[in-house]
Amino acid sequence: MRSSVALAVAAAIAGSCGDDGPEAARAIELHAPVARATAIPAPAIAPAARPQLDGRDFPDKVLALTWDDGPDRHTLELARYLHDQRVRGTFFVVRAWVDGVSADPGAGDGVFSTGFAALPILGDLVRLGHRLGNHTGNHVLLTAVAPSEAARQLRENQAAIAPFVGSGPRMFRAPGGAWGAAASAAIAEDADLREAWGPFRWDLDGKDWEGSRWCRSDAPATECEAGAPGGERRVKPSVVAARYLAQIERARHGIVLLHDRVGHVGSRYAVDVARALVPALRARGYVFAAPRLHFQTPAPAAGPFAPKAPAADGAAHGDLNGDGHADRCDRSARGVVCALATPAGLTSESLWLDRDDPGASAIVDASSIALEDLDGDGRADLCAPAGADRVCARAP
Ligand SMILES: [Zn+2]
């Protein structure tokens, strides 16, 4: 029988999705200079890994809520709850968990019958307004497998979710945040993966997965409850939510890492954490967006450019993040800048389309711009006139 301490140590060694564990440390390679007595050709410099994306530059009060490792049995309940709250989440999904292949699969009933191969609900998640991201086919640590396998894990999973992603952004996140130059080079050789957004890291992590497994607390009488596997106690979901909230209040913005397949207990825990966290965030004026605040590459769209109500100020107004409130975009010397609506007014502006992005000039230099929902996903896209038709950049 293993104690909770032994479990904690084992988990720390194994790493986990939200853990900056030894996998992440291995991704950092140091190249110390070596003194040479004689001149020899300089060694080839290993290419640096493509940097992971995060939300440090988000405007204050803007959060991207992301859930990893599902879908699981209660993911659809979570998705419906978020939809009712007008929160568009991002789910980094796994196709199938496989014993001996998947990193940190947990243990207990049903851990190998999750993933969208067993729970085919990706279409439901999209219909509820959520985004899908790629979290590898089998939740493998990309620094622990051959580069060709890393690329295969991402490529095959991307192909499986592509019909559901549709015109949405292709996004990926490395399990455990484990990312390095070798995996990066393998991705760069793949035409489809090269253009995808990612890998996405995170800025805010209240360790929901850990809280579901055991209770580390200075106040166990009030913060712990029964329910963890093996008869262990766990952190109450409301306490985990309070830990996330405290972190978020310190940072004021960023990408939040949550899991809808938590530890050994499945996704019921995720639903309970979300039900405590989302209303608390909303009460404090936070708004929710994609993990990258940027339009996709502009492309021609059929139909005339006919904004419903052209703004006198030349700016475009529309609901970029699907929360029912009108956001604002405008042209600047840098490109298109946008601000999201919060209960206290608009956030600060950030650059959503760089003048130097491919195809951006067709919008940046057009006579006017407008925000309208092209694809019916509840989020307004950015359009400009182009001859008899228009050119549009879809919101993430
Ligand atoms: Zn993960």
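Just so it is clear, the model here is predicted, and its values are computed rather than measured.

J.: Whenever I open this one, the overall build of the protein confuses me. Can you help?
T.: The secondary structure content of the protein amounts to twelve helices and 18 strands. Counting across all 396 residues of the protein, residues that qualify as buried make up 51%. Looking at the protein as shown, the accessible area adds up to about 17,300 Å², and 54% of this sits on carbon and sulfur atoms.

J.: Explanation requested: the sheet that holds strand β10 (residues 316-318) in the structure shown.
T.: Each strand in a sheet pairs with its neighbour through backbone hydrogen bonds, running either in the same direction (parallel) or in the opposite one (antiparallel). Within the open sheet, the four strands sit side by side as β10-β11-β12-β15. Their pairing is antiparallel. Of all strands in the sheet, those with a lone pairing partner are β10 and β15 (350-354), marking the two edges. Ignoring strand direction, the axes of neighbouring strands in this sheet form an average angle of 25°. As paired elements, strand β11 (residues 327-331) and strand β12 (residues 335-339) share four bridges and run antiparallel to each other. If you follow R328 over to β12, its bridge partner there is A339.

J.: Where do I start with helix α11 (residues 268-283) in this structure?
T.: In an α-helix, one turn spans 3.6 residues, which is why side chains three or four residues apart end up on the same side. With 16 residues, α11 extends 24 Å between its outermost C-alpha atoms, agreeing within 8% with the 22 Å of an ideal straight helix rising 1.5 Å per residue. Y269, A270, V271, V273, A274, L277, V278, A280 and L281 are the residues of α11 that are buried. Directly after α11, the chain includes G285, whose backbone phi takes a positive value near 90°.

J.: Please clarify how the pairing of strand β7 (residues 254-259) should be interpreted in this entry.
T.: Of all six residues making up β7, six are buried, and the element is well covered by its neighbours. Two elements, strand β1 (residues 62-68) and β7, share six bridges in a ladder whose sense is parallel. Along β7, the bridge assignment pairs A64 with I255. Across two bridges, the pairing between strand β4 (residues 204-205) and β7 is parallel. Residue pairing for β7: L204 is matched across the bridge by V256.

Thresholds, definitions, all that
Residues numbered from 1 in each chain as written. Predicted model: local features only at pLDDT ≥ 70, side-chain atom pairs only at ≥ 80, totals over all residues. Heavy atoms only, no water. Helix = DSSP H or I, 4+ residues; strand = E, 2+ residues; numbered from the N terminus. Buried < 20%, exposed > 50% of the residue type's maximum accessible area, 1.4 Å probe, protein only. Areas by Shrake-Rupley, 256 points an atom, 1.4 Å probe, with all protein chains shown as cover. Pairing = 2+ DSSP bridges. Axes fitted to C-alpha atoms, helices over the stretch in contact; angles between N-to-C directions. Expected span 1.5 Å × (residues − 1).

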